[in-house]
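# Fold and geometry: a report
Chain by chain, the residues run as shown.
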Amino acid sequence: MALIFIVEDDPDIREMERYALNSSGFETKAFSTGNELFSGLFETLPDLILLDIMLPNEDGLSILRRLRQDNRTRRIPVIMVTAKTTEIDKVRGLDSGADDYVTKPFGIKELVSRIRALLRRTMPEPKPLVYEGLSIDEDGHKVFAMGKQVELTHREYELLKYLLAHVNKVNTRETLMDEVWGFNFTGESRTVDMHIKTLRKKLLGCGDYIKTVRGVGYKLGD
């Protein structure tokens, strides 16, 4: 799952972008200033940055130049988002190192499509979702355990897919609910426990790969 950093000072636009991207399967972190962005970059690097130009204290073009001058961040894809529509504004953004440029107001579907297109060009091939005798064929939407295909519900499939993508990582129930059910899901954390239980049964002997971390959540792996 790609991580997108959103830098936008307008809270309504920021929340709209965040909601749209989360609903489209992306993980997001949102910031309102350049200082907040660079603090976030100190902790983790995203797969793409959605960067507004008109920001308080330091504008997006200045932030972009700083990103391109730092070896840690110089290769992160950046899409500029702005109300400026003149050709010279777009040229300045692209010449400063932006990978794409979207003007306000914009359509959410177009924005998501541009992000996906840019990520296809810049992200490495995903790692195969395989662990021991357990594997997922994403193209065929199939799951195999001990060489046998097993039938899962949509939610069980997505849960297993997330666990396989994060092998040996301990995932809290809250994280699994956010990532698999959606960040606005209002159900109880027991929902996760019930799905883990049925998933273990369906995966034959491979169900033992899913470990319970008492008091925290679950992980797939040793």
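Above this text you will find the structure in question.
Below: a short report on this structure. Counting starts from 1 at the beginning of each chain's written sequence and moves along it residue by residue. With pLDDT at 70 or above as the cut-off, local features in this predicted model cover only qualifying residues; side-chain atom pairs require 80 or more to be listed or tallied, and sums for whole chains, interfaces and linings still use all residues. Side-chain measures here rest on the full set of heavy atoms in the structure, leaving out hydrogens and waters.

### Some details on the pairing of strand β8 (residues 142-145)
Exposed residues in this analysis have more than 50% of their type's maximum accessible area, buried residues have under 20%, and partly exposed residues fall in between, with area computed by a 1.4 Å probe over protein chains only. Numbering of helices and strands runs from the N terminus; a helix is a DSSP stretch of H or I covering at least four residues, while a strand is a stretch of E covering at least two. Side chains Val143 and Ala145 project from β8 onto a buried face, and the interleaved Lys142 and Phe144 project onto a face without burial. A pair of strands is treated as paired once DSSP finds two or more bridges between them. Counted between consecutive antiparallel strands, the loop separating strand β7 (residues 134-137) from β8 contains four residues, among which His141 sits at a positive phi close to 55 degrees. Across three bridges, the pairing between β8 and strand β9 (residues 148-150) is antiparallel. For Ala145, the partnering residue across the bridge sits in β9 and is Lys148.

### Points about the packing of helix α6 (residues 154-165) against helix α8 (residues 190-202)
Working convention: axes come from line fits to C-alpha atoms, limited for helices to the stretch in contact. Angles between N-to-C directions cover 0 to 180 degrees. Orientation of α6 relative to α8, taken along the N-to-C sense of each, is 85 degrees, at an axis distance of 10 Å. With respect to α8, the element α6 is oriented roughly perpendicular. Contacts between α6 and α8 involve Arg155, Glu156, Leu159, Leu160 and Leu163 from the first element and His195, Ile196, Thr198, Leu199 and Lys202 from the second. Each residue gets one label: Ala, Val, Leu, Ile, Met, Phe, Trp, Tyr, Cys and Pro are nonpolar, Asp, Glu, Lys and Arg are charged, and the others, such as Gly, are polar. Here the contact of α6 with α8 is built from residues that sort into five nonpolar, two polar and three charged. Roughly parallel here means an angle under 35 degrees, roughly antiparallel means over 145, roughly perpendicular means 65 to 115, and every remaining angle is called oblique. Two residues qualify as a contact provided that any one of their heavy atoms is within 4.5 Å of a heavy atom in the partner residue.

### Concerning the sheet that holds strand β6 (residues 130-131)
On the basis of which strands lie adjacent, the open sheet formed by four strands has the order β6-β7-β8-β9 and antiparallel pairing. The sheet is open, and its two edges are formed by β6 and β9, each paired on a single side. Of the pairings in the sheet, the one linking β6 to β7 comprises two bridges and is antiparallel in character. Residue pairing in the sheet places Tyr131 in a bridge with Leu134 of β7.

### Section: the side chain of Thr73
Examined against the element boundaries, Thr73 turns out to sit in the loop between α3 (60-69) and β4 (78-82). On the accessibility criterion, Thr73 (3% relative accessible area) is buried. In this view, Thr73 contacts Leu41, Leu45, Arg66, Leu67 and Arg68; residues no more than four positions away in its chain are not counted.

So yeah, pure geometry; function would need other evidence.
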